[in-house]
Amino acid sequence: MNVLIIGSGGRENAIAFKISQSSLLKKLYALPGNPGIEKFAECVSGISQDDNSAIVNFARNEKIDFVVIGPEAPLVNGLADELDRAGIKVFGCSAAAARLEGSKIFAKNLMKKYNIPTAEFETFDNPDAAKKYIREKGAPIVIKADGLAAGKGVIVAENLDDALAAVDEMKNFGAAGNKIVVEECMIGEEVSLLAFTDGKTVVPMVAAQDHKRVFDGDKGLNTGGMGAYAPAPVASEKVLKLAEEKILKPVIAALNSEGIIYRGCLYAGLMIVDGEPKVVEFNARFGDPETQVVLPLLECDLLEIMLACVRGTLADKKISRSKKSAVCVIAASGGYPKSYKKNLPIEGIEKAESLGALVFHAGTAKKDGKLVTSGGRVLGITVIDDDLKKAVEHVYKCMEVIKFQDIHYRKDIAAKAMKYLSD
Ligand code: AMP
Ligand code: GLY
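To start, this report covers the structure provided alongside it. The model shown is predicted, which means the values in this text are computed figures rather than measured ones.

**Re empty space enclosed by the protein**
This structure, assessed with the given rule, holds one cavity of 30 Å³ or more. Quantified by volume, the largest cavity comes out at close to 40 Å³. Lining the largest cavity are I69, F91, G92, C93, Y262, R263, G264, C265, A284, R285 and F286. Classifying every residue of the lining of the largest cavity gives seven nonpolar, two polar and two charged.

Set out below in structure tokens:
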């Protein structure tokens, strides 16, 4: 079949890598794609990811059988619904289901109504009422914009002054910040649990851990993610079972009760509080960089699983995964997530690949035939090895050969996992 992937990041590069191995694949396209995805797919330029009707027309003209939507914005924007109406199969949930990510208030109210464990909260559209509530509750406390804010709409305030200032900062997010959630600050370790679902059956993938802060030791500003590893041992058998029974299955059933069928990848961002998982957030898509470790560990045909999610036959599929471990380190531009240089030549990718790395592109471009940096997160370097310790050592050997001016990467990806591992 002909398949089109929407998106241009490391996540979409990992999806393209995995789909390219499918026996069902005839031709792969990516819109817009990137120089890493180009290895597996024909990249389509000149059509915006926001232009639903242009994408539907392209899919019709090129006889695309199946579309995979990577990022959240096209999901929230109803691209899956339009493709569905045009009779084109799509992996990616409807706009109604994507509200789980697109509106924090929708997600929190749903969890409250159906008793899904999450932080205690209140919602506000009046800043003064929010401030009054914050004064009553005290710090630490978390303030969130309701809508999508490019990953920046959450402020974990350590003290009362910061919390009150955060309420005013929500204005900076435009319409997304008109309504806000104020919630209890949960203390624990975070884990990302991604799952396939066809709206009835939910099959979790291996648990991964992201590293959101820019510097080692979880210091510095929040980023889109500086690295990930899987499986994450903090997600013990017990935690995984609880997450499946108390969170993943109930939220899909809750959506069903509300008349919404969720098909696609459901991402639960969890906080393990006193050995039990609570929801930090839901995303309606694959996580990035988590996907760059989770998908390479899948030992089955991704396209087949995605099709089963669309057809409602996921219960019939056996989804196996490697017993090995995967680590992904993000090579970022110096200065990211603030301002950084672009157009810097990149070297060493082939050498890293010869050392066993999978190199996924995020912010790269071709200029005069040469590969250069074009974004904050430039590359994701993933290594799979027999266990986590070996994978960590191996990935950092690969990092030594990746070169561009002002390269920055964290040196402590997966360090948090080591306390759970026996020697
Ligand atoms: P979100 O965009 O909702 O994932 O929030 C971004 C980050 O803020 C999360 O990954 C957590 O590290 C942190 N965070 C969000 N909500 C809470 C909470 N209720 N308690 C503690 N940390 C939180
Ligand atoms: N890694 C966090 C996210 O994909 O939202």
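We are not done yet, so read on.
**So, the pairing of strand β10 (residues 189–197)**
For β10, a buried count of eight out of nine residues is recorded, marking the element as mostly surrounded by other parts of the structure. Both β10 and strand β16 (residues 264–273) contribute to a ladder of nine bridges, which runs antiparallel. Residue pairing across strands places E189 opposite I272, the latter belonging to β16. Across three bridges, the pairing between β10 and strand β11 (residues 202–204) is antiparallel. Counterpart to A195 in the pairing with β11 is P204. Connecting the antiparallel pair β10 and β11 is a turn made up of four residues, with G199 showing a positive phi of about 95 degrees.

**Brief notes about the packing of helix α7 (residues 127–137) against helix α8 (residues 160–169)**
Packing of α7 against α8 leaves a shortest axis separation of 10 Å and a crossing angle of 165 degrees. Taken together, α7 and α8 sit at an angle that is classed as roughly antiparallel. Here α7 runs over α8; the crossing is right-handed. In this structure, α7 uses P127, A130, K131, I134 and R135 to contact α8, whose residues at the interface are L160, A163, L164, V167 and D168. Residue classes in the contact of α7 with α8 are distributed as seven nonpolar, no polar and three charged.

**Brief notes about the environment of L344**
For L344, the position within the fold is in the loop between β18 (325–333) and α12 (349–354). Classification of L344 as buried rests on a relative accessible area of 10%. Separated by 63 residues in the primary sequence, L344 and I407 place their C-alpha atoms 9.9 Å from one another. Contacts of L344, omitting those with residues within four sequence positions, involve L371, V372, T373 and Q405.

**Things to note about the side chain of S103**
Along the chain, the position of S103 falls in the loop between α5 (95–102) and α6 (104–113). Residue class for S103 comes out buried when judged on its relative accessible area of 10%. A polar contact of 3.0 Å, which involves the side chain of S103, links it to the backbone nitrogen of F106.

**Considering the site of ligand 2**
All residues in the neighbourhood of ligand 2 are listed as D210, G224, Y267, N283, R285, G287, D288, P289 and E290. Contacts to ligand 2 include D210, whose side-chain N or O atom sits 2.8 Å from a nitrogen atom. Within the side chain of N283, a nitrogen or oxygen atom sits 3.4 Å from an oxygen atom of ligand 2. Classifying every residue of the shell around ligand 2 by side-chain character gives two nonpolar, three polar and four charged.

Analysis parameters
Residues numbered from 1 in each chain as written. Chains lettered and ligands numbered in written order. Predicted model: local features only at pLDDT ≥ 70, side-chain atom pairs only at ≥ 80, totals over all residues. Heavy atoms only, no water. 1 Å grid on protein atoms, 1.4 Å probe; cavity = no way out; pocket = protein on both sides within 12 Å on 5 of 7 lines; lining within 4 Å. Points joined across faces, edges and corners; volume = space filled by probe spheres on them. Nonpolar A, V, L, I, M, F, W, Y, C, P; charged D, E, K, R; others polar. Buried < 20%, exposed > 50% of the residue type's maximum accessible area, 1.4 Å probe, protein only. Helix = DSSP H or I, 4+ residues; strand = E, 2+ residues; numbered from the N terminus. Pairing = 2+ DSSP bridges. Axes fitted to C-alpha atoms, helices over the stretch in contact; angles between N-to-C directions. Parallel < 35°, antiparallel > 145°, perpendicular 65-115°, else oblique. Left-handed = near helix turned anticlockwise from the far one by under 90°. Contact = heavy atoms within 4.5 Å. Polar contact = N/O pair within 3.5 Å; in protein donor to acceptor, adjacent residues only side chain to side chain. Near = heavy atom within 4 Å.

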